[in-house]
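Geometric and topological summary
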Amino acid sequence: MGRKLFLLSMALFALLGRSIGHAGDIPVIAAASDLTYALNKVSEQFTEQTGQRVRLSFGSSGNLKRLIEQGAPFEVFMSADEHYVLQLAETGHTRDQGRIYASGRLALFAPLTSPLANQLSFERLSDLAAKGSIRKFSIANPSHAPYGRAAREVLINVKLWDDLEKILVFGESASQATLFAVSGATQGAIIPHSLVLNPIVAEKGRYRLIDQSLHAPLRQRMVLLKGAGSTAEQFYNHLQSTAAQAILREYGFTVSGEM
C-alpha cells in the first residue's frame, strides 16, 4: 500500500471510529456505522445547542445488539435494522420499543481506479467479473450488518450472488466495507448512500443509487436503553428535532416524517 493510500486509510479509520468526549459520565450512543458522518455532525450540533456531550460508538447493528445483551454501558441504541431494537425490547433491555428515525438507501460504488467507475451498472459489474477485471467486491457482513443483508438481497435479485460470491470481501460493518472500496482494496462495493455522500469518500470514486425495490426497506429504529440518563434523553429528543432531521436528510436518509 502506497503512502498516500495508507494515510487515507488512517484518516478514514479515525473518522469512522471517532467518539466525542472522554469523561466517564458522558453517555455512550451505540450507532450503526451508516450513521458515522451524519451522527458526528448531529452530536456537534447537540453540544452547541445544549452544552452537553455524548460519545459515539459505531459498529454493525448486530454486533452492537450483542454488546448490549452482554451489558455494554450504552444509553441509546440507533440501529440500521428496526428488528434488533424490537428484539431488545422483548428481552427487557430498553425502556420501550423506541421509534423509527430514518430509512436508508444503498449505492453501487466504484473507486476511480476501477474499470467499473466508467459505467456503473450491474450488467457492467457482471461482465467485468466474468473477465476477471473485478477481482474483489465488498459489502458489509450480512450475518450482522443490515446494509450487508440488503446488499446480499440486491445481488440475489439481480442474479449476481452466485457469480460474485467467490470474490466478495465482507466488512465487519458498512463503514469497513466502504473503506475497502475507497482504499482500492476492492474494485467495487454496495454500501450506504449516507457514507458515499461524505466528501472524503465521494472524491475517491463514483456511485449510483440502487433501486429500493431490489431489497427490503432499511427502516432504522432508535431506543433509550434501560438506565439511560438525562443527557441521553436530551440527545434522543434532539434526534427527533427539525435541525437534526435536516442533517440526516443531508446525508441521504428519508426521515421519519417523510416515510
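This text gives an overview of the structure that appears in the document. What you are looking at is a predicted structure, and each value in this text was computed from that prediction instead of being measured.

Tallying secondary structure elements over the protein gives twelve helices and eleven strands in all. In terms of overall size, the protein behaves like a compact globule, its C-alpha atoms giving a radius of gyration of 18 Å where 259 residues would be expected to give roughly 18 Å. When its C-alpha atoms are laid out on the principal axes, the protein stretches across 55 × 40 × 35 Å. For the protein, the proportion of its 259 residues judged to be buried stands at 54%. Roughly 11,300 Å² of accessible area belongs to the protein as shown, and the carbon and sulfur atoms make up 48% of that amount. Taking the average place of the 26 positive charges on the side chains of the protein and the average place of its 22 negative ones, the gap between the two points comes to 6 Å.

Looking at the largest pocket, its volume works out to about 180 Å³. Along its surface, the largest pocket is lined by Ala 80, Asp 81, Glu 82, His 83, Pro 146, Arg 149, Ala 150, Glu 153, Ala 216, Pro 217, Leu 218 and Arg 219. The element that contributes the greatest number of residues to the lining of the largest pocket is helix H6 (residues 146-157), accounting for four residues. Partitioning the lining of the largest pocket into residue classes produces six nonpolar, one polar and five charged.

The subject of this paragraph is the sheet that holds strand E11 (residues 254-255). Strand order across the open sheet formed by six strands is E2-E1-E3-E10-E4-E11, with mixed pairing between neighbours. Since the sheet does not close on itself, it has two edges, and those belong to strand E2 (55-59) and E11, each with one partner. Sheet analysis places strand E4 (residues 99-104) next to E11, joined by two bridges and oriented antiparallel. What sits directly across from Ser 103, in E11, is Thr 254.

Another aspect to go through is empty space enclosed by the protein. With the rule as written, the count across this model stands at one cavity of 30 Å³ or more. Space inside the largest cavity adds up to approximately 50 Å³. Taken together, Ala 32, Ser 33, Asp 34, Gly 59, Ser 60, Ser 61, Ala 80, Ala 145, Pro 146, Tyr 147 and Ala 174 make up the lining of the largest cavity. Among the residues forming the lining of the largest cavity, the class breakdown is six nonpolar, four polar and one charged.

Another point: the nonpolar core. Formed by 70 residues in total, the largest nonpolar core has its most connected members in Leu 35, Leu 39, Met 78, Phe 122 and Ile 190. Other than its neighbours up to four places away in sequence, Ile 190 contacts Leu 106, Ala 107, Leu 108, Phe 122, Phe 137, Ser 138, Ile 139, Ala 151, Val 154, Leu 155 and Ile 210. The next biggest cluster of nonpolar side chains, apart from the first, holds eleven residues, and it includes Val 28, Phe 74, Tyr 84 and Leu 225.

Glancing now at the packing of helix H2 (residues 36-50) against helix H12 (residues 242-250). Contact geometry for H2 and H12: axes closest at 9 Å, N-to-C directions at 160°. The angle between H2 and H12 falls in the class roughly antiparallel. Considering how the two elements wind past one another, H2 and H12 form a crossing that is right-handed. Between H2 and H12, the contacting residues are Ala 38, Lys 41, Val 42, Gln 45 and Gln 49 on the first element and Ala 243, Ala 244, Ile 247, Leu 248 and Glu 250 on the second. For the contact of H2 with H12, the class distribution of residues is six nonpolar, two polar and two charged.

What follows covers the pairing of strand E5 (residues 106-111). Taken residue by residue, a regular strand's side chains alternate between the two faces of the sheet. Burial within E5 is extensive, with six of its six residues counted as buried. Judged by which residues are buried, E5 turns out to be covered on both faces: Leu 106, Leu 108 and Ala 110 on one side and Ala 107, Phe 109 and Pro 111 on the other are all buried. Pairing of E5 with strand E9 (residues 205-209) involves five bridges; the strand directions are antiparallel. Counterpart to Pro 111 in the pairing with E9 is Gly 205.

Here the focus is unusual backbone geometry. Positive phi, close to 65°, is recorded for Lys 159, a residue that is not glycine. With respect to the helices and strands, Lys 159 occurs in the loop between H6 and helix H7 (161-164).

Inspection of the secondary structure puts Glu 82 in helix H4 (residues 82-90). Among all residues touching Glu 82, those that are not within four sequence positions of it are Ile 100, Arg 219 and Arg 221.

For H4, every residue scored as buried is listed here: Glu 82, Tyr 84, Val 85 and Leu 88. The arc enclosing the buried residues of H4, seen along the axis, measures out at 160°, which places them on a common side. Where H4 is buried, its residues contact helix H3 (61-69), strand E3 (74-78), E4, H6 and strand E10 (218-224). In this structure Asp 81 caps H4, since a side-chain oxygen of it lies 2.9 Å from the backbone nitrogen of His 83. Of the residues flanking the end of H4, it is Gly 92, one or two places downstream, whose phi is positive at about 80°.

What counts and how
Per chain, residue numbering runs from 1 following the sequence as it is written. Selection of residues for local features in this predicted model requires a pLDDT of at least 70, selection of side-chain atom pairs for listing and counting requires 80 or more, and totals for whole chains, interfaces and linings are taken over all residues. By convention in this description, side-chain values take in all heavy atoms of the structure and omit both hydrogens and water. The way it works is that DSSP assigns letters per residue, a run of H or I at least four long becomes a helix, a run of E at least two long becomes a strand, and they are numbered from the N terminus. Atoms counted for the radius of gyration: C-alpha only. Globule rule: 2.2 Å times residue count to the power 0.38. Only protein chains enter the accessibility calculation, which uses a 1.4 Å probe. A residue is then buried if its area is under 20% of the maximum for its type, exposed if over 50%, and partly exposed in between. For the area figures, the Shrake-Rupley method with a 1.4 Å probe applies, and any residue is considered shielded solely by the protein chains shown. Charge counting treats Lys and Arg as positive and Asp and Glu as negative, with His and both chain ends excluded. For charged residues, the charge sits on one atom: NZ in Lys, CZ in Arg, CG in Asp, CD in Glu. Cavity: a set of points on a 1 Å grid over the protein atoms alone where a 1.4 Å probe fits but cannot get out. Pocket: an open set with protein on both sides within 12 Å along at least five of seven lines, its lining residues, like those of a cavity, having an atom within 4 Å of a point. Grid points are joined across faces, edges and corners, and a volume is the space filled by probe spheres set on the points. Note that Gly is not counted as nonpolar here; it falls among the polar residues with everything else outside the nonpolar set of Ala, Val, Leu, Ile, Met, Phe, Trp, Tyr, Cys and Pro and the charged set of Asp, Glu, Lys and Arg. Should DSSP find at least two bridges between two strands, the strands are taken to pair. By convention a nonpolar core is built from buried Ala, Val, Leu, Ile, Met, Phe, Trp, Tyr and Cys residues, the set being connected through side-chain atoms within 4.5 Å. Only heavy atoms matter for contacts: two residues are in contact if any of them lie within 4.5 Å across the pair. Angles run from 0 to 180 degrees between N-to-C directions of axes, and those axes are lines fitted to C-alpha atoms, restricted for helices to the stretch in contact. The labels follow the angle: roughly parallel below 35 degrees, roughly antiparallel above 145, roughly perpendicular from 65 to 115, and oblique for the rest. Note on convention: the crossing is left-handed when the near helix lies turned anticlockwise from the far helix by less than a right angle, right-handed when the turn is clockwise. Note that the arc is defined by the directions from the helix axis to the C-beta atoms. Polar contacts, as counted here, are pairs of nitrogen or oxygen atoms within 3.5 Å of one another; within protein the pair requires one atom able to donate a hydrogen and one able to accept it, and residues that are adjacent in sequence qualify only if both atoms are side-chain atoms.

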